[in-house]
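Spelled out, the chains give:
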Amino acid sequence: MSETTHDGAVAMSAPPSPDDGLAAAELAAKYGLAVSGARPGLAEYARQLWDRRHFIIAFSRAKLTAQYSQAKLGQVWQVATPLLNATVYFLIFGELMGQSKGMGIKTYIPFLITGIFVFTFTQSSAMSGVRAISGNLGLVRALHFPRAALPISFALQQLQQLLFSMVVLFAFLLGFGHMPRFSWLLIVPVLALQFVFNTGLAMILARLGSKTPDLAQLLPFVLRTWMYASGVMYSMVEALKKANSPHWLIDVLSANPAAVFINLMRDSLITGHAAHKHIDLPPHAWALAVGWTVLIGVGGFVFFWKAEEQYGRG
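The rules behind these values
- Residues numbered from 1 in each chain as written.
- Predicted model: local features only at pLDDT ≥ 70, side-chain atom pairs only at ≥ 80, totals over all residues.
- Heavy atoms only, no water.
- Helix = DSSP H or I, 4+ residues; strand = E, 2+ residues; numbered from the N terminus.
- Buried < 20%, exposed > 50% of the residue type's maximum accessible area, 1.4 Å probe, protein only.
- Contact = heavy atoms within 4.5 Å.
- Patch = residues over 30% accessible without salt bridge, like charges linked within 9 Å, V, L, I, M, F, W, Y side chains within 5 Å.
- Areas by Shrake-Rupley, 256 points an atom, 1.4 Å probe, with all protein chains shown as cover.
- Salt bridge = Lys/Arg side-chain N within 4 Å of Asp/Glu carboxyl O.
- Core = buried A, V, L, I, M, F, W, Y, C linked by side-chain atoms within 4.5 Å.
- Expected span 1.5 Å × (residues − 1).
- Phe/Tyr/Trp six-rings, centres within 6.5 Å; stacked < 30°, edge-to-face > 60°.
- Lys NZ or Arg CZ within 6 Å of the ring centre and 35° of its normal.

Before going further, it helps to examine the overall build of the chain. Helix and strand content of the chain: 15 helices and two strands. Here the chain holds 314 residues, and 45% of them are scored as buried. Considering only intrachain contacts with a sequence separation of at least 6, the fraction spanning at least 24 residues in the chain is 76%.

Residues Val88, Leu91 and Ile92 make up a contiguous nonpolar surface patch of roughly 240 Å² in combined accessible area. Examined against the element boundaries, isoleucine 92 turns out to sit in helix α4 (residues 77-96). Accessibility expressed as a relative area gives 36% for isoleucine 92, which makes it partly exposed.

Further remarks concern the pattern of salt bridges. One pass over the structure, following the stated rule, counts two salt bridges. We note a salt bridge from arginine 47 to aspartate 51, for which the minimum N-O separation is 2.5 Å. A residue pair is termed a helical-turn pair when its members lie 3 or 4 positions apart in one helix, as arginine 47 and aspartate 51 do in helix α2 (residues 42-51) at four residues. Salt bridges linked by common partners bring Glu44, Arg47 and Asp51 together as one network.

Okay, the nonpolar core next. With 79 residues, the main nonpolar core has Leu49, Met233, Met265, Leu269 and Phe304 as its most contacted residues. If you tally residues by element for this core, the top one is helix α6 (residues 105-130), at 13 residues. Contacts of leucine 49, omitting those with residues within four sequence positions, involve Ile56, Pro146, Ala148, Ala149, Ile152 and Phe301.

The end-to-end C-alpha distance of helix α8 (residues 149-175) is 39 Å, a good match for the 39 Å that 27 residues give at a rise of 1.5 Å each. Of all 27 residues in α8, 19 are buried; the element is thus mostly enclosed. Phi turns positive, to about 90°, at glycine 177, one or two residues after α8.

A full pass over the atoms with the stated rule returns 10 aromatic pairs. Aromatic pair phenylalanine 172 and phenylalanine 176: ring centres 6.3 Å apart, planes at 10°, arrangement stacked. Residue classification places phenylalanine 176 among the partly exposed positions, given a relative accessible area of 22%. The positively charged end of arginine 207 is found above the aromatic ring belonging to phenylalanine 303, 4.2 Å away from the centroid.

Laid out in structure tokens, this is it:
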């Protein structure tokens, strides 16, 4: 096309574009463009996480190393902290409240330490998860990666810390006469199920904590209540029966996930009639463990994924 200007020159005008009149969405679809930071499909999201597995592992190790970098004892606190808690609980619940008399010291101390280590795994994963997004906004806003990598890496960090503690737990078991047996191999599936459960819980709390930072202040009180309701320091079923609690309450508290994982671990590691008499293992405990893992692990992953586009904004 051409037209004559006022001085007689001929000006050429551009031909109409085939994109003229197309809306922004139509243009994006035509040229294969996508919204920056848009949420991928669930399967694609899982694939992206797998592709970044080396980052997740390296990030969890770095966090674990840095956790006690300012302390003179360094990584010793990974084991010292739960042991100090166990000492306090032993003096209060074992000695002052007489919980150790029914089991005997050789059973009660491994019973107590197992409960503390296993519950601390879930407790620490929850506390780390609630700050996974809100405490790492700089990283979230600066880099593009699946945000679920953060709560997963924090749960993995707590798993590594628990594995250090398990060395001490084995030493206590051997020291109090609980020799290795085939049932000790069951700790592998117990820890695998609990890790998936903890990861799902961390993702749920990470999404909630990203929008409600005050949740991090409330969570310690919730977790403390959960600890007392899970029989960490005592036989919960015996205590409830002595208090003439209704059977439905005993069944509900025995089936709560923390109690299930704790008692599966105790049942696998601690030998002797005195121990098993006080381990509150509910019927179908393994089915309960798998059910909680699927519900919270898979459900938490989907719940977190649905808000992928919102993290780090506003």
